[in-house]
Amino acid sequence: TTIPQNEENKPTNDQQTTEADDIERLNDALVSATSRRARYPEKAAKMLDKTLQTNSESLKNLRADVSISGCPTTYPRPSEEMLAAKDAQLAKLADDVNNCKRAFLEN
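Residues numbered from 1 in each chain as written. Predicted model: local features only at pLDDT ≥ 70, side-chain atom pairs only at ≥ 80, totals over all residues. Heavy atoms only, no water.

### Examining the overall build of the protein chain
Put simply, the rule is: Here a strand is any run of E in DSSP of at least two residues, a helix any run of H or I of at least four, and the numbering for each starts at the N terminus. Buried, partly exposed and exposed residues are distinguished by accessible area as a fraction of the type maximum, computed with a 1.4 Å probe on protein chains only: under 20%, between the cut-offs, and over 50%, respectively. All accessibility values rest on the Shrake-Rupley procedure with a 1.4 Å probe; residue burial counts only the protein chains present in the view.
Check the secondary structure of the protein chain and you find 3 helices and 0 strands. Start at the N end of the protein chain and walk to the C end: the helices and strands fall as α-α-α. Within the span of the protein chain, comprising 107 residues, buried residues form 1% of the whole. As displayed, the protein chain offers around 10400 Å² of accessible surface, 56% of which is attributable to carbon and sulfur atoms.

### Side note on the confidence of the model for the protein chain
Stated formally: Every residue is assigned a pLDDT by the predictor, reflecting its confidence on a scale from 0 to 100.
When the pLDDT values of the protein chain are averaged, the result is 80; 82% of them are 70 or greater. Predicted confidence in the protein chain is weakest over helix H1 (residues 19–39), with a mean pLDDT of 85, and strongest over helix H3 (residues 80–106), with 91.

### Notes on the pattern of salt bridges
Heads up, the condition is: A side-chain nitrogen of Lys or Arg and a carboxyl oxygen of Asp or Glu constitute a salt bridge if their distance falls within 4 Å.
Enumeration over the complete set of coordinates arrives at 2 salt bridges. Residue arginine 25 is joined to aspartate 22 by a salt bridge in which the shortest nitrogen-to-oxygen separation is 2.5 Å. Of this pair, arginine 25 and aspartate 22 both sit in helix H1, 3 residues apart, which is roughly one turn of that helix. For arginine 25, a relative accessible area of 44% translates into the label partly exposed. With its nearest N and O atoms 3.1 Å apart, the salt bridge here joins aspartate 96 to lysine 92. With aspartate 96 and lysine 92 both in helix H3 and 4 residues apart, this pair spans about one turn of that helix. Judged by relative accessible area, aspartate 96 falls into the partly exposed class, the value being 32%. Taking the relative accessible area as the measure of exposure, lysine 92 reaches 53% and is therefore exposed.

### Observations regarding the packing of H1 against helix H2 (residues 41–61)
Definition in use: Think of each axis as a best-fit line through the C-alpha atoms, taken over the contacting stretch in the case of a helix, with angles from 0 to 180 degrees between the N-to-C directions. Each angle gets one of four labels, with under 35 degrees taken as roughly parallel, over 145 as roughly antiparallel, 65 to 115 as roughly perpendicular, and the rest as oblique. For this analysis, residues touch if any pair of their heavy atoms sits within 4.5 Å. In this classification, Asp, Glu, Lys and Arg are treated as charged, Ala, Val, Leu, Ile, Met, Phe, Trp, Tyr, Cys and Pro as nonpolar, and every other residue, Gly included, as polar.
At their nearest, the axes of H1 and H2 sit 5 Å apart, and the two run at 120° to each other. Here H2 runs oblique to H1, going by the angle between their axes. Residue-level inspection shows Arg37, Ala38 and Arg39 of H1 in contact with H2, the latter providing Pro41, Ala44 and Leu48. Within the contact of H1 with H2, the residues separate by chemical class into 4 nonpolar, no polar and 2 charged.

In structure tokens, the structure reads:
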């Protein structure tokens, strides 16, 4: 949402919008649309059908030719040394956390 700004390049109080304002506007639009759909069900059904047809035709025409030749199909397993080093780091971190807990409880 673009907020008009005053000469100091700051939004004025009466022009500021919040996320809550946006949600309220969205909710009002939803209530209005469902109300119209309840009052004019045939017209709403025709409009929905036309929208779905248009979306379907658009999706049929939209195509992307994406090459996946450079994408790996499998990923190498980490070495045992790397796994052992990570385990050692995790064990040290667990010891550090336990030491902090003990120090906190002692004080």
